[in-house]
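# Architecture at a glance
Chain by chain, the residues run as shown.
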Protein chains: 2
Amino acid sequence: MRKDLERFFNPRSIAIVGASQDLATISGQPLKHLISHRYLGRIYPVNPKYPEILGVKCHASLEALPETPDLVMVLINAARVAETLRECGKKGVPYAIIFSSGYSEVGGKGVDMQLELAAIADQYDIGVVGPNCQGMINIAGSVFAGFGSVYYSDYDAGSVSMVSQSGGFGCSVMNLAAKDGGLNFRQVVTTGNELGVSSLDFIDYFIDDPQTDIIVGYIEGLKDAHRLLEIGAKALAAKKPILAWKVGNTVQGQKAAASHTANLGGAMALYRAAFRQVGIIQVDDIQDVIDYGRAFQCGKLPAGNRVGIITISGGAGILMTDECVNRGMQVPQLAPATTERLRSFVPSFGSLANPIDVTAGIFNDPDLLKMTLHAVLEDPNIDSIAMINASLQGEIATKVAAEVAAVARESAKPIFMSWSARDEVNSGAYALLDAAKVPHYKSPVRCGRALAALSWYVEALHRHEVARGETVAVITSSQARSTLAGRTDDVSEYAAKQILAQYGIGITQEEIATSKEQALAIAGRIGYPVALKVQSPDIPHKTEAKAVRLGLAADADAGAAYDEILRNAKAYKTGARIEGVLVQEMVSGGIEAILGVTNDKLFGPAVMFGLGGIFAEVLKDVAFRIAPVTKSVALDMIAEIKGYPVLTGARGAAHADIDALADAIVRLSALALDLKDHVAELDINPLFVFARGKGVKAGDALIKPVVRN
Amino acid sequence: MRKDLERFFNPRSIAIVGASQDLATISGQPLKHLISHRYLGRIYPVNPKYPEILGVKCHASLEALPETPDLVMVLINAARVAETLRECGKKGVPYAIIFSSGYSEVGGKGVDMQLELAAIADQYDIGVVGPNCQGMINIAGSVFAGFGSVYYSDYDAGSVSMVSQSGGFGCSVMNLAAKDGGLNFRQVVTTGNELGVSSLDFIDYFIDDPQTDIIVGYIEGLKDAHRLLEIGAKALAAKKPILAWKVGNTVQGQKAAASHTANLGGAMALYRAAFRQVGIIQVDDIQDVIDYGRAFQCGKLPAGNRVGIITISGGAGILMTDECVNRGMQVPQLAPATTERLRSFVPSFGSLANPIDVTAGIFNDPDLLKMTLHAVLEDPNIDSIAMINASLQGEIATKVAAEVAAVARESAKPIFMSWSARDEVNSGAYALLDAAKVPHYKSPVRCGRALAALSWYVEALHRHEVARGETVAVITSSQARSTLAGRTDDVSEYAAKQILAQYGIGITQEEIATSKEQALAIAGRIGYPVALKVQSPDIPHKTEAKAVRLGLAADADAGAAYDEILRNAKAYKTGARIEGVLVQEMVSGGIEAILGVTNDKLFGPAVMFGLGGIFAEVLKDVAFRIAPVTKSVALDMIAEIKGYPVLTGARGAAHADIDALADAIVRLSALALDLKDHVAELDINPLFVFARGKGVKAGDALIKPVVRN
């Protein structure tokens, strides 16, 4: 499949198959839009019915064209598309947009029809966009290759590039963001069912595109989801933020899976994990795209998340503080020197605590305003400034804006403004801020949220840099692989833990005994107290069969228990295959955690962590990461869950061995990668996490092997 | 204090004390604004320095005025306000707005100055608004009595009334909501420090005001917070929704309290509880006020929370589904009859599941659109419709809007629209929707959020109606009151539970023994196994003193334990006062919950519920309600916590006795009210909640008495 999308966005010639003389229809619009937006390349309407449309010569077929067009727009009934695509192939067409609907989105026969198109695209190496999409707009290049209401408008070219799987919504985002939000786009493409070129192909291209600074994505689902990690990392390295929707988050009826890990995950948990791992900024609404986009366009990144708030409205200051803190920022106290400095020239200040509540007087004296900004900017505790001007307008507003713009131009720390005066009455001031790239917002909440998005991105950059510097743990075990090869039934307890042990994950001391004497010998080696459990592929519920005995203190107890367990097992299920009796150490103390692996068909192996019991099962308080997981990422995962304080000594407990826990997660990630052809799901439940320095031990484990049909 | 605010908002005459000829200043603006907005009453500038301002005769003093003004605006230095307020009093002025700053907001001497003003206001019965505020606007009455940028504009009068404790932010809200959001206000008042007339006084007045339909509040903190319940209930009865900010939610450094209940609460938890109890809709940003305000202006309330989504953009449909479901709505399947009906005339539909993905074809045929809307509206599973038109514009858009408007006019179920075409290109269609009161939003997220706010309000109305129909439990215990009267030290375990028992809350069986014989007799009555615990005011940590023995199975064990406990207690603390040994039943089974009372100085007694252990302590997963709490409210509290599934049989446990738990909460609420002069804080921790039908039992309790200085 073609991936050099430069030619796609800048075609020298475009053919429109199915072009119609009814310019209001879907097949009539594209020619009109290309012409009205002054497309500079050659246009070939293709329709045997017409000699010309809008004065442009119309051709009977693709074959009849005088040249091979760079892009073919296909606007005909779904049933006839395959034939046309074949003609494209024969003609050597590099790119086609298929607008037609009626494919995988309708299910049934549509799915097969889409597969047929994919095969043709493959055969002829055609880069297909769509089907079931609304086309592409390259604003800077004057290519409006699609249909829909928003194609009727002109747009200023900017540096934001967007790919959207939804045509209608994607077009709305561009239109509203550009026209009402002042966020200007460079190129926008809608991809529909994505039989060929995918959202990630486009994002990949946008990262390489020197004219693109900010990338926006609307994602319903990715067929090549694992690539999100690679693409996201590339975007981070290029410092091009990706703002993305991931929708379909509440869809019910997800098939219940056999393991906790698979039940607790689902696509959304993995997308969230991937977004966090590579710093993709999740957006909820169009306003977020505008607000965050404008934040990033300031061209500065704060060193950290500590904001100094300067306000003339105490109320707005409180609102912004709430928003910043809720979104993970700090509103720290100023350094004493800063407070002294402010006090020296602004004796009438309402409050020198952060948020700094200034009186309106500060606006009457540009020098005072400048000194205030400088004092806060130079505070070592402060990484950015958010200033609140309420509804200030008129002559004084322009003076204030000029002063802020001048200070911002010389400052490496971002200055954001919450300014509620309407554009109509304050355009002069806003123009000054825009020229100096000072982001400004109509409400303190939007301002705080945008600044928090910027700060979150900076943290993601740092996290990613640290993770990149770490060695990825690679552990291989041919023994584990051969244990699992060809296996179709679940691997439980003893055998599953033996596999964990191959990867250096701590397990309880245990051995299988096939005679009472052997059992007692093992117990002697492990040391009392011990537990005895029958091992039988025919008895999955050992406790129910009364084939488990815990806390056995001495040989006499263990011997009696051995006999009893075998008796009960046989009574429970006649003819049960008994592999032996597991003699296991009794674990005391420790916090119960749960670790897991889910081998997702889109993301590949992912690792899960949660605390045991209600945390995971009732509260779904778990964290996922896509493998490979390095140590710092494992630590980030551990700290992410709400129950984290349980590990750091809440309720008077000992501080848990978080380092060993992180190490176990890293090893589990290595296992998941090494065994990715064999392990479908894996649960370690419980994993005992002991006090600092005492390590972890898997208490029980279950592996669901990959079963091939 | 005066509370008839009709005169305040419609003064026949206004005096401006401190009026200035410099019309740009705070003291110069008010006269200018009154005149430019064509105030119809008489205006009296008061300033001995000037003969006239803007052609209006200026007076030397309040005393010199030819009449008693209905409203005095005070715009002078804080130090001189008390004198002016006294003059107001002597003259019989009913209302004064004090704009001056430098009072409680600066602390120290300012607090005393404000107290002085309050005393004067009280003495002369002056309704004082402020100090430290920006005044009042009555748009319909042409009274612009204040200063600030937004006073320079004209506004259309509407039916939204707002009170804001923040001047700057409140004014910004009105300005942006009215001018950019099309939400028109009737009257707006900013109240600053609220030494006299409070936010709740204003809300109370707005409820009574026949011209007000929707009330907006910006709240930093209420001195009369308990009244929020009464005012909220009154607003619900009048079906006037209150949209409110409560800010200051993340302020750190709240003083740590002694009990769990007080630590887990804090002002914000109680505000949230009160908002839920009386259906006050919390807003986060200005856009919410606009969007929710426009939702309520449709004049229809859905019967329930089940929305039918009709969309031409699959992507937007998913986004709206996510938003609706996240905010507590249902997107249910259509009734089979509806699906059949749709299929009969719209064979080409993309998807007949909800969200209903319609093809663009539906817009080309007004009859089809009408039939689709009717089919969904008449579905018994559907309470409201949200329709998504993407960026539809042009002639067809106007036709669609006309059809939707016609259907909406005849429908009792609300129809909301997400329509992303810009106002500029779609004003005709939007005017038709506005005329039919069909709320429309630029994004599916905003549309879904607004519809969810409407649905939440309907649920709050239902909840409140049910609660109003219930009898409030009233229980009095003179014995409990006399136990607590004058008490300054904590009341623990035995005595605290005896008080609970007075209110019918189940407690463990237990009695105090002062001899070994008595202990054995009690144990005999209770039945073995029992626990023995020393009771001494000098030994708060009984376990540490080894003065607790659990699970005693027979007389011999109990007798030995009795001696041992006394020996250990005496060894632990020489001279400890021993009140006896508590003989207590051993509780087995049950889920550990925690109940509490906090007697808040603003809200009065409030009741807390949570699950024990990490739920409450680590996750802060608790629910509060202001007393009195009826049964249905108690059940709502119980269902509110995230750990709720633990009570309904999660992890294979028995379904807990939620009915008995709710009953205990109701009784605790009765206790809190009966003992409100005596109980500062109360914890029941743990409360054992047994399986359905088996009730609850307080395992331990602690009461912190109210201590008067």
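Numbers given for residues are sequential positions, taken from 1 along each chain in its written order. Starting at A for chains and at 1 for ligands, labels are handed out in the order in which the entities are written. pLDDT decides what is reported in this predicted model: residues at 70 or higher carry local features, side-chain atom pairs at 80 or more are listed and counted, and totals for whole chains, interfaces and linings draw on all residues regardless. Heavy atoms throughout the structure, all of them, feed into the side-chain values; hydrogens and water do not.

A count of helical and extended segments in chain A gives 24 helices and 30 strands. Counting every position in chain A, which comprises 709 residues, the buried fraction comes to 59%. Here a residue-residue contact requires only that any non-hydrogen atoms of the pair lie within 4.5 Å. Considering only contacts in chain A between residues 6 or more positions apart, those separated by 24 or more positions represent 72%. Accessible surface for chain A amounts to roughly 26,800 Å². Of this, 49% is attributable to carbon and sulfur atoms. Strands are runs of DSSP state E lasting at least 2 residues, helices are runs of H or I lasting at least 4, and numbering of each runs from the N terminus. Only protein chains enter the area calculation, which uses a 1.4 Å probe; residues under 20% of their type maximum are buried, those over 50% are exposed, and those in between are partly exposed. A 1.4 Å probe and the Shrake-Rupley method give the accessible areas. Residues count as covered only by the protein chains that appear here.

In this section: the sheet that holds strand 7 (residues 127-129) of chain B. Residues and elements named next belong to chain B. Pairing between strands is defined by DSSP: at least two bridges between the two strands are required. The parallel open sheet is built from five strands, whose spatial order is 2-1-5-6-7. Only two strands of the sheet have a single neighbouring strand rather than two, namely strand 2 (42-46) and strand 7. Here the average twist between neighbouring strands, direction ignored, is 20 degrees. Where strand 1 (residues 13-17) and strand 5 (residues 71-74) come together, four bridges link them in parallel fashion. Across the sheet, the residue bridging to V17 is V74, located in strand 5. Working convention: axes come from line fits to C-alpha atoms, limited for helices to the stretch in contact. Angles between N-to-C directions cover 0 to 180 degrees.

Grouped together as the largest cluster of nonpolar side chains are 110 residues, with contacts concentrated most on A:F185, A:W245, B:F185 and B:W245. Non-local contacts of B:F185, meaning those with residues more than four positions away in its chain, are made with B:I139, B:D156, B:A157, B:G158, B:V160, B:M162, B:M174, B:A177 and B:A178. Nonpolar cores are built from buried Ala, Val, Leu, Ile, Met, Phe, Trp, Tyr and Cys residues. Side-chain atoms within 4.5 Å join them into one set. Grouped together as the second largest cluster of nonpolar side chains are 106 residues, A:Y503, A:L595, A:L675 and B:I638 included.

All names here are of chain B. Running from amino to carboxyl end, helix 6 (residues 199-208) crosses helix 7 (residues 227-237) at an angle of 15 degrees, the nearest separation of the two axes being 10 Å. The angle between helix 6 and helix 7 falls in the class roughly parallel. Like other packed secondary-structure pairs, helix 6 and helix 7 cross with a definite hand, here left-handed. Residues L200, D201, I203, D204, I207 and D208 of helix 6 pack against R227, L228, I231, K234 and A235 of helix 7. Looking at side-chain class alone, the contact of helix 6 with helix 7 contains six nonpolar, no polar and five charged residues. Orientation is classified from the angle alone, with under 35 degrees giving roughly parallel, over 145 giving roughly antiparallel, 65 to 115 giving roughly perpendicular, and any other angle giving oblique. By convention the crossing between two helices is left-handed if the near helix lies anticlockwise of the far one by an angle smaller than a right angle, and right-handed if it lies clockwise. Each residue is assigned to one class: nonpolar for Ala, Val, Leu, Ile, Met, Phe, Trp, Tyr, Cys and Pro, charged for Asp, Glu, Lys and Arg, and polar for all the others, Gly among them.

Moving on, we get to the relation of the copies chain A and chain B. For this overlay, a least-squares fit was computed on C-alpha atoms, restricted to residues scoring pLDDT of at least 70 in both copies. Overlaying chain A on chain B yields an RMSD of 0.1 Å, the required transformation being a rotation through 180 degrees with an accompanying axial translation of 0.0 Å. The superposition operator between the copies reduces to a two-fold rotation axis.

On to helix 15 (residues 395-410) of chain A, then. In a regular helix each residue adds 1.5 Å, so 16 residues correspond to 22 Å; helix 15 of chain A covers 24 Å between its end C-alpha atoms and thus fits that length. Among the residues of helix 15 of chain A, A:A397, A:V400, A:A401, A:E403, A:V404, A:A405, A:V407 and A:A408 are the ones counted as buried. Here the expected span of a helix is defined as 1.5 Å times the quantity of residues minus one.

Contacts between the two partners involve 55 residues from chain A, matched on the other side by 55 residues from chain B. For any pair of parts, buried area is found by adding up, for both, the accessible area (1.4 Å probe) each one loses once the two are put together. Taken together, both faces of the contact between chain A and chain B bury some 4,300 Å²; the carbon and sulfur share is 61%. We define a salt bridge as a contact between a side-chain nitrogen of Lys or Arg and a carboxyl oxygen of Asp or Glu at a distance within 4 Å. Inspection of the chain A/chain B interface yields two salt bridges. One salt bridge connects A:R422 with B:D180, and the closest N-O pair in it is separated by 2.9 Å. N or O atoms within 3.5 Å of each other form a polar contact, as long as, within protein, one can give a hydrogen and the other can take it, and as long as residues adjacent in sequence are counted only when both atoms are side-chain atoms. Linking chain A with chain B are 16 residue pairs in polar contact (both at pLDDT 80 or more). Of all the secondary-structure elements, those providing two or more residues to the side of chain A that touches chain B are helix 5 (167-179), helix 11 (314-326), helix 17 (444-468) and helix 22 (614-617) of chain A. Partitioned by chemical class, the residues of the side of chain A that touches chain B number 23 nonpolar, 20 polar and 12 charged.

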